[in-house]
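# Observations on the model geometry
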Amino acid sequence: MMTSRELTSRVSWMESAIWAGAHAINDGYPTLYLPLLPMLMHRWHFAASQAGLLAGLLALTTQALQPLLGAWADRRGGPWFIVGGLAVGSVGNALGLAWAPTYAVFPVALMLGGGGNAAFHPHMAALVSRNQKTHRGRSLSGWMVSGMIGHSLAPLAVVSLWHGWGSWGVARLALPGLLAAGALYFSARTIPRPDLSRQRAPRVSWRAVWQRGRGFGVLIVLRNLGAASLLTLLPLVWHQRGGSPMQTGAVLAVVYAAGMMGNLLGGSVSDAWGVRPVLVGSLIGASIFAAVGGAVTTGTGWAFWIAVAIWGFTVNGAGAAMLVYGQSLFPDKLGLASGLTMGLGNTVGAFGAWAVGAVAQWQGMSIAIDVAAGCLMLGVIPTLVSIKDVKDLRNGG
């Protein structure tokens with residue numbers, strides 16, 4: 001007969017598996033359009049700057065809403081932020097990519113799906129953090145890796161379905177999200193709700209948030225400006241060099257697969273040595289390999305694939321460390337902290353991809369890659385000036 005401890009352990013593992021699977025599915029949706037960018041540019045007749053604008057408009061809901069929805073989740077609790085968010089995100093992203101008639105309509109569908117993504121993320125990250133009191137960097141890196149599995153598989157799936165069945169094939173990608181949302185509801189309905197009858201939740205002082213986190217915010221902006229720009233340019237570089245459209249998804253999958261390893265390593269190293277060395281190493285490494293890889297490699301041979309993999313490893317190595325640091329800035333408001341870390345700064349950075357896309361359009365792809373790599377290198381400055389050790393933050397530093 002199964003003991004209560006064994007039953008609890010089994011339930012805990014089942015819930016963890018459901019949450020990880022839902023996170024993988026959720027995070028795959030915003031990246032669906034990336035491997036199809038060259039085809040979409042030909043279909044709707046838009047240029048590289050407008051391709052960069054898509055990243056900014058998507059971030060407007062996927063990222064910018066996260067602090068507000070995270071603060072709301074801190075006050076209200078319950079399962080609907082993650083269940084409803086996953087359902088809305090799956091429908092908006094998959095059906096929008098499949099059936100949007102024009103470039104003007106497509107960003108609207110992307111932003112609708114992004115709103116669902118923004119509702120999902122902060123509450124889930126806060127739940128993972130609350131359930132893990134020690135080795136938080138390792139725990140959050142593991143949770144983030146489940147999302148990166150979705151990042152890796154989504155480009156492969158959408159390219160295969162598009163070339164096999166066209167728009168109807170892409171539309172079918174809404175089904176995994178809807179099914180996962182149903183499974184998630186039965187697990188997430190046990191999430192405790194705050195007892196609002198006992199005390200009113202304190203209001204968020206956005207001025208205090210800015211004063212405490214402004215240096216960290218500058219770092220997030222610069223990091224995401226460089227990363228989002230390079231990720232948007234990557235399919236265009238592949239297409240420009242004569243790469244097969246069927247392999248565009250594989251190129252992005254390599255970035256995310258290598259990024260999973262970087263994220264796991266970065267989370268463990270941040271637990272042992274602190275977040276600053278991880279952030280500095282990630283920013284410098286990603287900047288160098290982007291600039292050198294773009295300048296040295298030619299064509300689509302093995303050197304290109306290696307450069308892409310190393311860049312994915314380095315740029316994603318700081319993901320868990322940044323989330324740990326953001327939550328340490330606001331330990332009593334984990335939903336808000338997660339939203340700020342993954343949200344507001346990322347939005348500003350993603351809109352910068354629009355400007356870098358314009359550089360690619362008017363000055364050439366090589367110059368645009370160097371500009372994006374320079375943004376990553378500039379992120380080292382606020383890291384060295386503003387980032388403190390997490391232990392100092394917990395002691396009131």
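The text that follows walks through the structure, step by step, so that each part is easy to find. Because the structure is a prediction, the values reported are computed rather than measured. (Residues numbered from 1 in each chain as written. Predicted model: local features only at pLDDT ≥ 70, side-chain atom pairs only at ≥ 80, totals over all residues. Heavy atoms only, no water.)

Together, Ile284, Ile288, Phe289, Val292, Val296 and Met377 give the surface a local cluster of nonpolar side chains, amounting to about 480 Å² of exposed area. Top contributing element to the nonpolar patch by residue count: helix 11 (residues 275-296), with five residues. With respect to the helices and strands, the residue Val296 is situated in helix 11. Judged by relative accessible area, which is 60%, Val296 ranks as exposed. (Patch = residues over 30% accessible without salt bridge, like charges linked within 9 Å, V, L, I, M, F, W, Y side chains within 5 Å. Areas by Shrake-Rupley, 256 points an atom, 1.4 Å probe, with all protein chains shown as cover. Salt bridge = Lys/Arg side-chain N within 4 Å of Asp/Glu carboxyl O. Helix = DSSP H or I, 4+ residues; strand = E, 2+ residues; numbered from the N terminus. Buried < 20%, exposed > 50% of the residue type's maximum accessible area, 1.4 Å probe, protein only.)

Another aspect to go through is the environment of Val251. In this fold, Val251 is placed in helix 10 (residues 248-273). Val251 sits 96 residues away from Pro155 along the chain, and the two C-alpha atoms are 8.8 Å apart. In contact with Val251, other than residues within four places in its own chain, are Leu234, Trp238, Phe304, Trp305 and Val308. (Contact = heavy atoms within 4.5 Å.)

The subject of this paragraph is the packing of aromatic side chains. The final tally for this structure, using the stated rule, is seven aromatic pairs. With a centroid separation of 4.7 Å and 40 degrees between ring planes, the pair formed by Phe46 and Tyr103 is classed as tilted. With Phe46 in the loop between helix 2 (37-44) and helix 3 (48-62) and Tyr103 in the loop between helix 5 (80-99) and helix 6 (106-130), this pair connects stretches of sequence that are 57 residues apart. Geometrically, the ring pair formed by Phe216 and Tyr325 is tilted, given 5.1 Å between the ring centres and 55 degrees between the ring planes. Taken together, the residues span a long stretch of sequence, with Phe216 in helix 9 (residues 206-240) and Tyr325 in helix 13 (residues 319-329) at a distance of 109 residues. Pairwise contacts between aromatic rings join Tyr33, Trp44 and Phe106 into one cluster. Sitting over the face of the ring of Trp165, Arg172 holds its NZ or CZ atom 5.4 Å from the ring centroid. (Phe/Tyr/Trp six-rings, centres within 6.5 Å; stacked < 30°, edge-to-face > 60°. Lys NZ or Arg CZ within 6 Å of the ring centre and 35° of its normal.)

Another point: the nonpolar core. One recurring pattern in soluble globular proteins is that nonpolar side chains are buried together. Judged by nonpolar contacts, the single largest core of 81 residues is most densely connected at Tyr33, Phe46, Leu97, Phe106 and Trp311. Among the elements that make up this core, the one with the highest residue count is helix 9 (13 residues). Trp19, Phe120, Ala180 and Ala181 belong to the second-largest nonpolar core, a separate cluster that totals 10 residues. (Core = buried A, V, L, I, M, F, W, Y, C linked by side-chain atoms within 4.5 Å.)

Moving on: the packing of helix 11 against helix 15 (residues 365-378). Helix 15 packs onto helix 11 with a crossing angle of 165 degrees between their chain directions and a minimal axis gap of 8 Å. The orientation of helix 11 relative to helix 15 falls into the category roughly antiparallel. As helix 11 runs across helix 15, the sense of the crossing is left-handed. Contacts between helix 11 and helix 15 involve Leu283, Ile284, Ala286, Ser287, Ile288, Ala290, Ala291 and Gly294 from the first element and Ile369, Asp370, Ala373, Gly374, Leu376 and Met377 from the second. In the contact of helix 11 with helix 15, the residues fall into 10 nonpolar, three polar and one charged. (Axes fitted to C-alpha atoms, helices over the stretch in contact; angles between N-to-C directions. Parallel < 35°, antiparallel > 145°, perpendicular 65-115°, else oblique. Left-handed = near helix turned anticlockwise from the far one by under 90°. Nonpolar A, V, L, I, M, F, W, Y, C, P; charged D, E, K, R; others polar.)

Turning next to unusual backbone geometry. Positive phi outside glycine occurs at His45, with the angle close to 60 degrees. Along the polypeptide, His45 turns up in the loop between helix 2 and helix 3.

Moving on: the environment of Ile367. With respect to the helices, strands and loops of the structure, Ile367 is situated in helix 15. Distance from Ile367 to Ala295, taken between C-alpha atoms, is 9.7 Å for residues 72 residues apart in sequence.

A separate point is helix 11. Side chains three or four residues apart in an α-helix point the same way, a direct result of the helix having 3.6 residues per turn. The terminal C-alpha atoms of helix 11 lie 31 Å apart, and with 22 residues this matches the ideal 32 Å at 1.5 Å per residue to within 8%. Every buried residue belonging to helix 11 is among Val275, Val278, Leu279, Val280, Ser282, Leu283, Gly285, Ala286, Ser287, Ala290 and Gly293, and all of these are buried. (Expected span 1.5 Å × (residues − 1).)

The next point concerns the packing of helix 11 against helix 13. Helix 13 packs onto helix 11 with a crossing angle of 140 degrees between their chain directions and a minimal axis gap of 9 Å. By the angle class used here, helix 11 and helix 13 are oblique. Where helix 11 crosses over helix 13, the handedness of that crossing is left-handed. Seen from helix 11, the contacting residues are Val275, Val278 and Leu279; seen from helix 13, they are Ala321, Met322 and Tyr325. When grouped by side-chain class, the residues that make up the contact of helix 11 with helix 13 number six nonpolar, no polar and no charged.

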